[in-house]
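Here's the letter readout for the chains.
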Amino acid sequence: MAINHDLLGRVYESPEPYEVTRGKIREFADAIRDPNPVYRDTAAAKAAGYTDVIAPPTFPVIVGTEGMHQAVVDPELRLDFSMVVHGDQSFRYSRPLQAGDVVTAVTRISQIRALGRSEMLTLESDVSTVEGEHVVTAVNMLVVRGGAEKAEK
Amino acid sequence: MTANVRYADVEVGTELPEQTYPVRRLDLVRYAGASGDFNEIHWNERVAKSVGLPDVIAHGMFTMAEAGRLVTDWVGDPGAVVEYGVRFSAPVVVPDDDNGAEIVVSGAVSEKRDDNQVVVAITARSGGAKVLARSSAVVRLA
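Residues numbered from 1 in each chain as written. Chains lettered and ligands numbered in written order. Predicted model: local features only at pLDDT ≥ 70, side-chain atom pairs only at ≥ 80, totals over all residues. Heavy atoms only, no water.

Caption draft 1: Inspection of the UniProt feature "domain: FAS1-like dehydratase" (unreviewed entry) in chain A at higher detail. Within this numbering scheme, the UniProt entry marks residues 8–137 of chain A as carrying the feature "domain: FAS1-like dehydratase" (unreviewed entry). Helix and strand shares over residues 8–137 of chain A are 22% and 35% respectively, and the end C-alpha atoms of the span are 18 Å apart. (UniProt positions renumbered as here; feature names shortened; annotations may be inferred. Helix = DSSP H or I, 4+ residues; strand = E, 2+ residues; numbered from the N terminus.)

See the structure below:
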(Lines give C-alpha, C1' and ligand atoms only; values in the text may rest on other atoms or scores of the structure.)
Protein backbone atom coordinates (compact mmCIF):
# COMPACT_ATOMS: atom_id res chain seq x y z
CA MET A 1 0.00 0.00 0.00
CA ALA A 2 1.27 3.47 -0.82
CA ILE A 3 2.04 6.07 1.81
CA ASN A 4 -0.73 8.55 2.48
CA HIS A 5 0.54 11.69 0.78
CA ASP A 6 -2.04 13.80 2.61
CA LEU A 7 0.22 13.62 5.66
CA LEU A 8 2.87 15.86 4.08
CA GLY A 9 3.60 18.58 6.62
CA ARG A 10 2.24 16.69 9.64
CA VAL A 11 4.16 17.46 12.83
CA TYR A 12 5.00 15.13 15.74
CA GLU A 13 6.37 16.41 19.03
CA SER A 14 8.44 14.55 21.62
CA PRO A 15 6.16 13.02 24.23
CA GLU A 16 8.60 14.22 26.90
CA PRO A 17 11.99 16.01 27.03
CA TYR A 18 15.15 13.92 26.60
CA GLU A 19 17.97 14.46 29.11
CA VAL A 20 21.48 14.01 27.71
CA THR A 21 23.70 12.33 30.30
CA ARG A 22 27.43 11.62 30.60
CA GLY A 23 26.72 7.91 30.97
CA LYS A 24 24.69 7.71 27.76
CA ILE A 25 27.31 9.69 25.81
CA ARG A 26 30.02 7.31 27.05
CA GLU A 27 27.90 4.28 26.15
CA PHE A 28 27.32 5.65 22.64
CA ALA A 29 31.00 6.57 22.14
CA ASP A 30 32.00 3.08 23.31
CA ALA A 31 29.51 1.53 20.89
CA ILE A 32 31.07 3.34 17.93
CA ARG A 33 34.57 2.63 19.37
CA ASP A 34 35.49 6.30 19.30
CA PRO A 35 38.14 7.05 21.95
CA ASN A 36 37.96 10.87 21.67
CA PRO A 37 38.40 12.21 25.25
CA VAL A 38 35.86 15.03 24.81
CA TYR A 39 33.15 12.32 24.93
CA ARG A 40 34.34 10.93 28.29
CA ASP A 41 36.55 13.31 30.21
CA THR A 42 34.97 16.49 31.56
CA ALA A 43 38.39 18.13 31.96
CA ALA A 44 39.25 17.41 28.31
CA ALA A 45 35.88 18.79 27.24
CA LYS A 46 36.41 21.93 29.29
CA ALA A 47 39.89 22.35 27.83
CA ALA A 48 38.23 22.25 24.39
CA GLY A 49 35.88 25.05 25.42
CA TYR A 50 32.78 23.15 26.51
CA THR A 51 31.05 23.16 29.88
CA ASP A 52 30.74 19.35 29.98
CA VAL A 53 31.38 16.30 27.81
CA ILE A 54 29.90 16.59 24.33
CA ALA A 55 28.08 13.96 22.30
CA PRO A 56 29.36 12.46 19.01
CA PRO A 57 27.90 14.03 15.84
CA THR A 58 25.49 11.15 15.20
CA PHE A 59 24.25 10.93 18.81
CA PRO A 60 21.25 13.20 18.08
CA VAL A 61 19.73 10.29 16.14
CA ILE A 62 18.59 9.01 19.54
CA VAL A 63 16.51 12.13 20.07
CA GLY A 64 15.31 12.32 16.46
CA THR A 65 14.23 8.68 16.50
CA GLU A 66 11.41 9.45 18.92
CA GLY A 67 9.71 11.72 16.43
CA MET A 68 10.46 9.35 13.59
CA HIS A 69 8.92 6.50 15.53
CA GLN A 70 5.71 8.45 16.05
CA ALA A 71 5.45 9.03 12.29
CA VAL A 72 6.30 5.44 11.42
CA VAL A 73 3.55 4.04 13.64
CA ASP A 74 0.98 6.70 12.67
CA PRO A 75 -1.76 4.46 11.20
CA GLU A 76 -2.85 7.25 8.87
CA LEU A 77 0.56 7.20 7.16
CA ARG A 78 0.06 3.53 6.14
CA LEU A 79 3.80 2.80 6.23
CA ASP A 80 4.93 -0.84 5.90
CA PHE A 81 8.03 -0.64 8.12
CA SER A 82 9.26 -4.09 7.06
CA MET A 83 9.91 -2.60 3.60
CA VAL A 84 11.80 0.45 4.88
CA VAL A 85 15.51 1.06 4.43
CA HIS A 86 17.47 4.12 5.48
CA GLY A 87 18.31 6.19 2.39
CA ASP A 88 19.89 9.44 3.52
CA GLN A 89 20.70 11.03 6.85
CA SER A 90 22.04 14.47 7.59
CA PHE A 91 22.54 16.80 10.53
CA ARG A 92 22.89 20.58 10.69
CA TYR A 93 24.39 21.66 13.99
CA SER A 94 24.15 24.94 15.87
CA ARG A 95 26.42 23.29 18.45
CA PRO A 96 27.11 19.77 19.72
CA LEU A 97 24.73 18.19 22.21
CA GLN A 98 26.36 18.01 25.63
CA ALA A 99 25.75 16.37 28.99
CA GLY A 100 23.11 18.26 30.92
CA ASP A 101 21.12 19.33 27.87
CA VAL A 102 17.40 18.68 28.18
CA VAL A 103 16.00 18.66 24.66
CA THR A 104 12.83 18.09 22.71
CA ALA A 105 12.36 17.20 19.05
CA VAL A 106 9.73 18.49 16.67
CA THR A 107 9.52 16.19 13.65
CA ARG A 108 7.81 17.15 10.40
CA ILE A 109 7.03 15.05 7.33
CA SER A 110 8.82 17.33 4.90
CA GLN A 111 8.68 15.34 1.66
CA ILE A 112 6.94 12.30 0.16
CA ARG A 113 7.76 11.29 -3.39
CA ALA A 114 7.91 8.29 -5.66
CA LEU A 115 11.12 7.13 -7.29
CA GLY A 116 10.61 4.23 -9.66
CA ARG A 117 8.87 1.51 -7.70
CA SER A 118 9.88 2.94 -4.32
CA GLU A 119 8.63 5.82 -2.26
CA MET A 120 10.82 8.22 -0.33
CA LEU A 121 9.66 9.70 2.93
CA THR A 122 11.65 12.56 4.45
CA LEU A 123 11.36 13.43 8.13
CA GLU A 124 12.96 16.57 9.51
CA SER A 125 13.52 16.86 13.27
CA ASP A 126 14.42 20.12 14.99
CA VAL A 127 16.14 19.38 18.30
CA SER A 128 16.13 22.27 20.77
CA THR A 129 16.70 22.67 24.48
CA VAL A 130 13.65 23.14 26.66
CA GLU A 131 14.90 26.72 27.04
CA GLY A 132 14.36 27.13 23.29
CA GLU A 133 17.94 27.06 21.97
CA HIS A 134 18.27 25.24 18.64
CA VAL A 135 20.96 22.53 18.81
CA VAL A 136 20.63 20.41 15.69
CA THR A 137 18.28 19.58 12.84
CA ALA A 138 18.26 15.95 11.75
CA VAL A 139 16.95 15.06 8.29
CA ASN A 140 16.11 11.42 7.70
CA MET A 141 15.05 10.01 4.33
CA LEU A 142 13.46 6.57 4.36
CA VAL A 143 13.02 4.46 1.25
CA VAL A 144 9.92 2.29 1.19
CA ARG A 145 10.74 -0.50 -1.22
CA GLY A 146 7.99 -1.38 -3.64
CA GLY A 147 5.48 1.07 -2.13
CA ALA A 148 4.70 2.84 -5.39
CA GLU A 149 4.40 -0.40 -7.34
CA LYS A 150 1.83 -1.75 -4.93
CA ALA A 151 -0.13 1.49 -5.21
CA GLU A 152 -0.72 0.88 -8.91
CA LYS A 153 -2.54 -2.39 -8.33
CA MET B 1 36.20 25.04 20.17
CA THR B 2 39.59 24.47 18.65
CA ALA B 3 40.17 22.43 15.54
CA ASN B 4 43.66 21.04 15.11
CA VAL B 5 43.73 21.81 11.41
CA ARG B 6 44.28 25.33 10.14
CA TYR B 7 42.11 26.65 7.32
CA ALA B 8 45.18 28.18 5.70
CA ASP B 9 46.91 24.79 5.62
CA VAL B 10 44.34 22.97 3.49
CA GLU B 11 43.32 23.34 -0.11
CA VAL B 12 40.80 21.70 -2.39
CA GLY B 13 42.12 18.19 -2.89
CA THR B 14 43.79 17.86 0.52
CA GLU B 15 43.26 14.23 1.49
CA LEU B 16 42.39 12.96 4.96
CA PRO B 17 44.29 9.85 6.10
CA GLU B 18 42.27 6.79 5.02
CA GLN B 19 40.98 4.72 7.93
CA THR B 20 39.78 1.15 8.29
CA TYR B 21 37.21 0.38 10.98
CA PRO B 22 36.32 -3.20 11.93
CA VAL B 23 32.68 -4.14 12.50
CA ARG B 24 31.61 -7.39 14.10
CA ARG B 25 28.27 -8.74 15.28
CA LEU B 26 29.12 -7.68 18.83
CA ASP B 27 29.53 -4.08 17.64
CA LEU B 28 26.04 -4.17 16.15
CA VAL B 29 24.52 -5.56 19.34
CA ARG B 30 26.30 -2.89 21.36
CA TYR B 31 25.21 -0.17 18.92
CA ALA B 32 21.62 -1.42 19.02
CA GLY B 33 21.61 -0.98 22.78
CA ALA B 34 23.33 2.40 22.74
CA SER B 35 21.14 3.84 19.99
CA GLY B 36 17.85 2.14 20.78
CA ASP B 37 17.57 0.76 17.23
CA PHE B 38 16.75 -2.91 17.73
CA ASN B 39 15.63 -3.65 14.16
CA GLU B 40 16.26 -7.38 13.84
CA ILE B 41 17.98 -7.11 10.45
CA HIS B 42 20.98 -5.80 12.42
CA TRP B 43 21.46 -8.87 14.63
CA ASN B 44 19.20 -11.73 13.52
CA GLU B 45 20.40 -13.62 10.45
CA ARG B 46 17.11 -15.46 10.03
CA VAL B 47 15.13 -12.22 9.88
CA ALA B 48 17.70 -10.48 7.65
CA LYS B 49 17.56 -13.30 5.09
CA SER B 50 13.77 -13.48 5.25
CA VAL B 51 13.55 -9.90 3.93
CA GLY B 52 15.99 -10.59 1.10
CA LEU B 53 19.29 -9.45 2.63
CA PRO B 54 22.42 -11.58 2.18
CA ASP B 55 23.05 -11.60 5.95
CA VAL B 56 22.87 -9.31 8.96
CA ILE B 57 23.72 -5.73 7.98
CA ALA B 58 25.19 -2.90 10.03
CA HIS B 59 22.95 -0.02 11.10
CA GLY B 60 23.37 2.76 8.57
CA MET B 61 23.86 5.07 11.53
CA PHE B 62 26.74 2.90 12.76
CA THR B 63 28.42 3.25 9.37
CA MET B 64 27.73 6.99 9.44
CA ALA B 65 29.31 7.25 12.90
CA GLU B 66 32.46 5.41 11.79
CA ALA B 67 32.77 7.57 8.68
CA GLY B 68 32.33 10.66 10.82
CA ARG B 69 35.34 9.63 12.88
CA LEU B 70 37.49 10.18 9.79
CA VAL B 71 36.61 13.88 10.04
CA THR B 72 36.48 14.31 13.83
CA ASP B 73 39.83 12.53 14.28
CA TRP B 74 41.30 14.82 11.61
CA VAL B 75 40.08 18.07 13.16
CA GLY B 76 40.33 16.83 16.76
CA ASP B 77 37.23 18.68 17.94
CA PRO B 78 33.92 16.96 17.04
CA GLY B 79 32.16 20.26 17.81
CA ALA B 80 33.83 21.77 14.73
CA VAL B 81 31.41 19.81 12.53
CA VAL B 82 28.78 22.22 11.19
CA GLU B 83 26.94 19.80 8.89
CA TYR B 84 27.24 16.09 8.21
CA GLY B 85 25.22 14.14 5.68
CA VAL B 86 25.46 10.72 4.07
CA ARG B 87 23.70 8.64 1.46
CA PHE B 88 23.48 4.92 2.19
CA SER B 89 24.26 3.35 -1.19
CA ALA B 90 24.78 -0.27 -0.11
CA PRO B 91 24.55 -2.18 3.16
CA VAL B 92 27.58 -3.26 5.24
CA VAL B 93 27.11 -7.03 5.42
CA VAL B 94 28.48 -8.44 8.68
CA PRO B 95 29.06 -12.22 8.71
CA ASP B 96 28.90 -14.16 11.96
CA ASP B 97 32.60 -14.99 12.27
CA ASP B 98 35.65 -13.73 14.16
CA ASN B 99 36.59 -11.20 11.49
CA GLY B 100 33.25 -9.59 10.69
CA ALA B 101 33.48 -6.82 8.10
CA GLU B 102 35.59 -3.74 7.53
CA ILE B 103 34.53 -0.21 6.67
CA VAL B 104 37.23 1.67 4.76
CA VAL B 105 36.69 5.42 4.84
CA SER B 106 38.42 8.04 2.73
CA GLY B 107 37.87 11.73 2.27
CA ALA B 108 39.25 14.88 0.71
CA VAL B 109 38.56 18.59 0.93
CA SER B 110 36.21 19.37 -1.95
CA GLU B 111 35.49 23.04 -1.28
CA LYS B 112 36.76 25.98 0.78
CA ARG B 113 34.05 28.32 2.07
CA ASP B 114 33.98 31.57 4.02
CA ASP B 115 34.24 31.70 7.79
CA ASN B 116 37.06 29.09 7.90
CA GLN B 117 34.68 26.35 6.75
CA VAL B 118 35.62 23.56 4.39
CA VAL B 119 33.61 20.74 2.82
CA VAL B 120 35.05 17.23 3.12
CA ALA B 121 33.77 14.71 0.58
CA ILE B 122 33.57 11.26 2.18
CA THR B 123 33.47 7.78 0.68
CA ALA B 124 33.12 4.50 2.56
CA ARG B 125 33.57 1.01 1.17
CA SER B 126 32.96 -2.44 2.57
CA GLY B 127 33.42 -5.83 0.96
CA GLY B 128 34.09 -4.21 -2.41
CA ALA B 129 30.90 -2.10 -2.38
CA LYS B 130 30.58 1.64 -1.94
CA VAL B 131 28.43 1.86 1.18
CA LEU B 132 28.39 5.66 1.48
CA ALA B 133 28.26 7.83 -1.62
CA ARG B 134 27.77 11.55 -2.16
CA SER B 135 28.46 12.07 1.53
CA SER B 136 30.08 15.11 3.07
CA ALA B 137 30.84 17.07 6.20
CA VAL B 138 31.21 20.82 6.62
CA VAL B 139 33.78 21.64 9.31
CA ARG B 140 35.05 24.89 10.74
CA LEU B 141 38.84 24.89 10.92
CA ALA B 142 41.15 26.97 13.08
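Caption draft 2: Expanded view of the environment of Val81(B). Within the fold, Val81(B) resides in strand β2 (residues 81–88). Sequence separation between Val81(B) and Val71(B) is ten residues; the distance between their C-alpha atoms is 8.3 Å. Apart from the residues within four sequence positions on either side, Val81(B) is in contact with Tyr93(A), Thr72(B), Val138(B) and Val139(B). (Contact = heavy atoms within 4.5 Å.)

Caption draft 3: Examining empty space enclosed by the protein more closely. Residues and elements named next belong to chain A. Following the criterion strictly, the structure yields three cavities of 30 Å³ or more and no others. Around the largest cavity, the lining comprises 13 residues; the ones closest to its centre are Ala55, Pro57, Tyr93, Pro96 and Leu97. For the lining of the largest cavity, a count of residues per class yields eleven nonpolar, one polar and one charged. Lining the second largest cavity are Val61, Gly64, Thr65, Met68, Gln89, Thr107, Leu123, Ser125, Ala138 and Asn140. Looking at the lining of the second largest cavity, the elements with two or more residues in it are α3 (61–72), β5 (118–129) and β6 (134–144). In terms of residue count, the dominant contributor to the lining of the second largest cavity is α3 (four residues). Taken together, the residues of the lining of the second largest cavity sort by class into four nonpolar, six polar and no charged. (1 Å grid on protein atoms, 1.4 Å probe; cavity = no way out; pocket = protein on both sides within 12 Å on 5 of 7 lines; lining within 4 Å. Points joined across faces, edges and corners; volume = space filled by probe spheres on them. Nonpolar A, V, L, I, M, F, W, Y, C, P; charged D, E, K, R; others polar.)

Caption draft 4: Spatial organisation of the packing of helix α1 (residues 22–31) of chain A against helix α1 (residues 25–35) of chain B. In contact at an axis separation of 8 Å, α1(A) and α1(B) are set at 155° when each is read in the N-to-C sense. For the element pair α1(A) / α1(B), the angle class is roughly antiparallel. Where α1(A) crosses over α1(B), the handedness of that crossing is left-handed. Counted together, Lys24(A), Glu27(A), Phe28(A), Asp30(A) and Ala31(A) of α1(A) and Asp27(B), Arg30(B), Tyr31(B), Gly33(B), Ala34(B) and Ser35(B) of α1(B) form the full contact between these two elements. Within the contact of α1(A) with α1(B), the residues separate by chemical class into four nonpolar, two polar and five charged. (Axes fitted to C-alpha atoms, helices over the stretch in contact; angles between N-to-C directions. Parallel < 35°, antiparallel > 145°, perpendicular 65-115°, else oblique. Left-handed = near helix turned anticlockwise from the far one by under 90°.)

Caption draft 5: Broad picture of the pattern of salt bridges. In the structure shown here, the tally under the stated rule is 19 salt bridges over all chains. Across the pair Asp52(A) and Arg22(A) runs a salt bridge, and its minimum N-O distance is 3.0 Å. With Asp52(A) in the loop between α2 (42–47) and α3 and Arg22(A) in helix α1, this residue pair connects regions lying 30 residues apart in the sequence. The class for Asp52(A) is buried, based on a relative accessible area of 11%. On the accessibility criterion, Arg22(A) (49% relative accessible area) is partly exposed. When the shortest N-O distance is used, the salt bridge between Asp9(B) and Arg6(B) registers 3.3 Å. (Salt bridge = Lys/Arg side-chain N within 4 Å of Asp/Glu carboxyl O. Buried < 20%, exposed > 50% of the residue type's maximum accessible area, 1.4 Å probe, protein only.)

Caption draft 6: Here's a closer look at the layout of surface pockets. Taken as a whole, the largest pocket holds about 980 Å³ of empty space. Along its surface, the largest pocket is lined by 41 residues, and Val84(A), Val85(A), His86(A), Asp37(B) and His42(B) are the ones closest to its centre. Mapped by element, the contributors of at least two residues to the lining of the largest pocket are α3, β3 (84–93) and β6 of chain A together with α1 and α3 (60–75) of chain B. If you tally residues by element for the lining of the largest pocket, the top one is α3(A), at seven residues. Residues of the lining of the largest pocket, tallied by class, amount to 24 nonpolar, 14 polar and three charged. Taken as a whole, the second largest pocket encloses approximately 190 Å³ of empty space.

Caption draft 7: Region of the structure containing the interface of chain A and chain B. The interface of chain A with chain B comprises 31 residues on the first partner and 32 residues on the second. Here chain A and chain B share an interface that buries about 2,600 Å² over both sides, 54% of which is from carbon and sulfur atoms. Area buried by chain A at its contact with chain B is led by Ala31(A), Ile32(A) and Arg33(A), which between them contribute 21% of it. The tally of links from chain A across to chain B stands at three salt bridges. Between Asp88(A) and Arg87(B) there is a salt bridge, with the nearest N and O atoms lying 3.1 Å from each other. At the boundary of chain A with chain B, the tally comes to eleven residue pairs in polar contact (both at pLDDT 80 or more). The set of elements that each furnish at least two residues to the side of chain A that touches chain B consists of α1, α3 and β3 of chain A. Here the side of chain A that touches chain B gets eight residues from one element, more than from any other, and that element is β3(A). Taken together, the residues of the side of chain A that touches chain B sort by class into 16 nonpolar, seven polar and eight charged. Of the pairings in the sheet, the one linking β3(A) to β2(B) comprises five bridges and is antiparallel in character. What sits directly across from Ser90(A), in β2(B), is Gly85(B). (Buried area = accessible area lost by both parts, 1.4 Å probe. Polar contact = N/O pair within 3.5 Å; in protein donor to acceptor, adjacent residues only side chain to side chain. Pairing = 2+ DSSP bridges.)

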